[in-house]
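Structural characterization, general
Given next are the chains, with one letter for each unit.
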Amino acid sequence: MSNASATTSPPTVPSDPRDAPDVSDPARRNLIIGTAVVGGLAGAAVAWPFLASMAPSERAKAAGAPVEADIGQLQPGQLMTVEWRGKPVWILRRTPEMLKSLTEDTAQLADPKSLRSEQPPYAQNETRSIKPEYLVAIGICTHLGCSPSEKPAGDPSMGSGWPGGFFCPCHGSRFDLAGRVFANMPAPTNLPVPPYKFVSDSKVLIGEDNKG
Ligand code: FES
């Protein structure tokens, strides 16, 4: 469980792509996940409240077992992170304004229909989700594996007209609120969507779907 009082320095930006982290290294991977969690806390201080993640057992994590996330307390606009197979998985509860932005940015995207991107068939749609309100995506950049951070709409560091989304600090890739990468970015594809299903209105199972 995260400590709400934790603080950290911003992630270092490698000048050479070869310096980007190797996520196959368990120690480095844990650092990425830790950075993602603390990054969510930093976002909370600005505009995006963060809900602490659940913690599956070490044995379940090692086995790559599905992970159940309780989204009952997740408020509109909030992002939570859970760990599945050693990767950070984001669950974002999108507001009507966030969903509207997904219909307005398609001309700026590299793969707006997710034809070249990784997701289950039931998430190959404009919102890349089962329920439009909830985005479930793996928070690892598809360029070289850094961890993007959330950037709310209007964040001054993202320039005018920023609709909200995610920014990778390593080489500057930008993703919208469905994890779709903007055109002409280093990242070649949208953020992956893992298999998942809703087991109730307040529980999401990550790593298993109705075919699993
Ligand atoms: S790792 Fe290069 S842009 Fe994300």
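Residues numbered from 1 in each chain as written. Predicted model: local features only at pLDDT ≥ 70, side-chain atom pairs only at ≥ 80, totals over all residues.

1. Thoughts on the overall build of the protein
The helix and strand tally for the protein stands at 3 helices and 10 strands. When the elements of the protein are put in sequence order from the N terminus, they spell out α-β-α-β-β-β-α-β-β-β-β-β-β. Residues counted as buried form 38% of the 212 residues belonging to the protein. Pairs at least 24 apart in sequence give 61% of the contacts found in the protein among residues at least 6 apart. (Helix = DSSP H or I, 4+ residues; strand = E, 2+ residues; numbered from the N terminus. Buried ≥ 20, exposed ≤ 12 C-beta atoms within 10 Å, placed from the backbone. Contact = placed C-beta atoms within 7 Å.)

2. A closer look at the sheet that holds strand β9 (residues 196-200)
Ordered in space as β2-β10-β9, the 3 strands form an open sheet in which the pairing is antiparallel. Here the strands that pair on one side only, and so sit at the sheet edges, are β2 (67-70) and β9. Strand-to-strand twist across the sheet, computed as the mean angle between neighbouring axes with direction ignored, equals 30°. As judged from the 4 bridges shared by β9 and strand β10 (residues 203-206), these two strands associate in the antiparallel manner. Bridge pairing in β10 links Tyr196 to Ile206. (Pairing = 2+ DSSP bridges. Axes fitted to C-alpha atoms, helices over the stretch in contact; angles between N-to-C directions.)

3. Focus on the sheet that holds strand β7 (residues 165-167)
If you walk across this open sheet you meet the 3 strands as β6-β7-β8, and the pairing is antiparallel. Only two strands of the sheet have a single partner each, and these edge strands are β6 (149-151) and β8 (174-175). Note that β6 and β7 share 3 bridges and pair antiparallel. Opposite Glu150, over in β7, you have Phe166 as the bridge partner.

4. Re the environment of Pro96
Residue placement: Pro96 occurs in helix α3 (residues 96-104). With 10 C-beta atoms packed within 10 Å, Pro96 lands in the exposed category. Distance from Pro96 to Pro132, taken between C-alpha atoms, is 9.6 Å for residues 36 residues apart in sequence.

5. Focus on the environment of Asn190
Positionally, Asn190 belongs in the loop between β8 and β9. On the basis of neighbour count, Asn190 is assigned to the buried category, with 26 C-beta atoms found within 10 Å. Asn190 sits 76 residues away from Ser114 along the chain, and the two C-alpha atoms are 7.0 Å apart. When near neighbours in sequence (up to four residues on either side) are disregarded, Asn190 contacts Asp111, Ser114, Ser117, Gly179, Arg180 and Val181.

6. So, the confidence of the model for the protein
Per-residue confidence for the protein gives a mean pLDDT of 80, with 69% of residues at or over 70. Within the model, pLDDT remains below 50 along residues 1-24, and this stretch shows 33 contacts once partners closer than five positions in the same chain are excluded. Between residues 27-54, whose pLDDT stays under 50, and residues either more than four places distant or in other chains, the model counts 60 contacts. (pLDDT = per-residue confidence, 0-100.)

7. Looking at unusual backbone geometry
Even without glycine at this site, Ser114 takes up a positive phi of about 55°. Within the element layout of this structure, Ser114 appears in the loop between α3 and β5 (134-138). Backbone geometry at Arg128 places phi at a positive 55°, although glycine is not the residue there. Tracing the backbone through its elements, the reader meets Arg128 in the loop between α3 and β5.

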